[in-house]
Amino acid sequence: MKSSSSPKQINLIGTSIRRSFDIEKIARKVAPFSYGVLIISLILTSLTIIAFIFLGSSSKKNITKISSLKEEIKKLSMNESLLATIDDRTNIISSLFKSNFLKSDIFDDLNIIFVPGFNISDFSLASGNLKVSGACSDNQCLTNLNERLEDLKQGKKFSIITLPNVDRALNISYNLSLEIFR
Amino acid sequence: MKKISSNLIINIFLPFFSLVFVFCIFVFFLTPKFGEILKVKKEIQDQQKQIDGLTAKLNDLKSLSIPELTNSTSLLLGTLPENKDFYRVLSGIKGVFSSEGIIILSYQFNPGLVSSDSSKNVDNSSGNSMTIKVSFQTTFDKLKGLISKLEKSLPIVTVDSIKYNGETASISGSLSSVDIVVKSYYSPLPRVLGAVDKPLPKITSAKSDLIEKLKLYTDYFVTENFNQGEVVVGKDNPFPSQ
């Protein structure tokens, strides 16, 4: 007659000892890993220390180099001050030249309007705007002047050219005032 | 039992303590040191940049030609003086008029503050100006030459306004009275050069062209020779010793 159940196994080792064997079994598996981690971390630590020492010495070297370069630059401060003066003066002078056009150029424009028979009685120039008063001897002079003013306007140097007043005097000449705005 | 204890030490306590040790190393040493290393690395990068900048600046400074710089500086200081020197300006203007053979009838100018209370120049990046009004008589032809010369004289002046009163003056007319207002400029020098690691100002081609252009300008300044005869100070001794 076969029994339906398997024969019972009786473990004679005590439960506590069995547990310690289990722990030891796990520990044996974990131990190489932990030693591996320890070795890696020691390598990392030593690499960190080496890197720190190396970087620290590089930084010190750089600081020394910077201070020596600064000293050398200070020795040449005269050159730098001359250069700074040149830079400062040229900046101011070029801005002055930009904001002030050459007034002698105005005379070239005045020459354009000097047609035969036209006499300038006076002119004034302020803020780049030119005011001219004069007299034209005859009708032809007035026509020529008008043509020259058209040419001047075409040059786009002046924005507005006006003849606010033209009157004819008894001596047959035309008195006129002219305004030219930049 | 002893065998179990040594096994325990090798297999349990040592790995456990090594893991604790690794943990401590990570928390208390490696993590802060990594941060510090990154910081030092950044510092080194910044220092390297600074070294590059300073080396470039030093090389630039060494490559500069001192005589050329000195000449340009004196030319530019003659063009735009650092102080309000009204005598020099007036003498220059007078020189221009003399060269054109025009006699100044009158001049009017207001030098204003010659020195401030604090004895310090007021810094103005666009330059300070001083206005001079000059009255004279000339022909229209000569007026053009005069204005042209004035605008190309040192120290620089700009013609602010021209008032020409010629009753019947034509292009080749007779003498007419003229009033011109000229502006003379000055500007204090920069007081400080700035930080050592500040890059050098660049003299661009436009600035070099300006210097070349200014070399063509004329300085009409003439030092006046005053007749310095014997100067008698005080009176003769009214009580001569007998």
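Look a little higher up for the structure.
Overview of the structure. (Residues numbered from 1 in each chain as written. Chains lettered and ligands numbered in written order. Predicted model: local features only at pLDDT ≥ 70, side-chain atom pairs only at ≥ 80, totals over all residues. Heavy atoms only, no water.)

With respect to the nonpolar core
With 47 residues, the main nonpolar core has Leu 110, Phe 118 and Phe 123 of chain A together with Leu 143, Ile 162 and Ile 180 of chain B as its most contacted residues. Dropping the residues within four chain positions of it, Leu 110 of chain A is found in contact with Ile 120, Phe 123, Leu 130 and Val 132 of chain A together with Phe 140 of chain B. The next biggest cluster of nonpolar side chains, apart from the first, holds 25 residues, and it includes Leu 83 and Ile 93 of chain A together with Tyr 185 and Leu 200 of chain B. (Core = buried A, V, L, I, M, F, W, Y, C linked by side-chain atoms within 4.5 Å. Buried < 20%, exposed > 50% of the residue type's maximum accessible area, 1.4 Å probe, protein only. Contact = heavy atoms within 4.5 Å.)

Digging into the interface of chain B and chain A
With 84 residues of chain B in contact, the opposing surface of chain A contributes 68 residues. At the boundary of chain B with chain A, total buried surface from both sides reaches about 7000 Å², with 74% on carbon and sulfur atoms. Between chain B and chain A we count 3 salt bridges in total. We note a salt bridge from Lys 57 of chain B to Glu 80 of chain A, for which the minimum N-O separation is 2.9 Å. Only helix H1 (2-63), helix H2 (66-79), helix H4 (140-151), strand E4 (157-165) and helix H5 (205-215) of chain B provide two or more residues apiece to the side of chain B that touches chain A. Two strands pair when backbone bridges link them, and strand E1 (residues 118-126) of chain A and E4 of chain B are joined in this way by 5 bridges, in the antiparallel orientation. (Buried area = accessible area lost by both parts, 1.4 Å probe. Salt bridge = Lys/Arg side-chain N within 4 Å of Asp/Glu carboxyl O. Helix = DSSP H or I, 4+ residues; strand = E, 2+ residues; numbered from the N terminus. Pairing = 2+ DSSP bridges.)

Things to note about the side chain of Thr 48 of chain A
Within the secondary structure layout, Thr 48 of chain A lies in helix H1 (residues 15-75). For Thr 48 of chain A, a relative accessible area of 4% translates into the label buried. Once residues within four sequence positions are removed from consideration, Thr 48 of chain A is found in contact with Phe 29, Leu 30, Lys 33, Phe 34 and Ile 37 of chain B.

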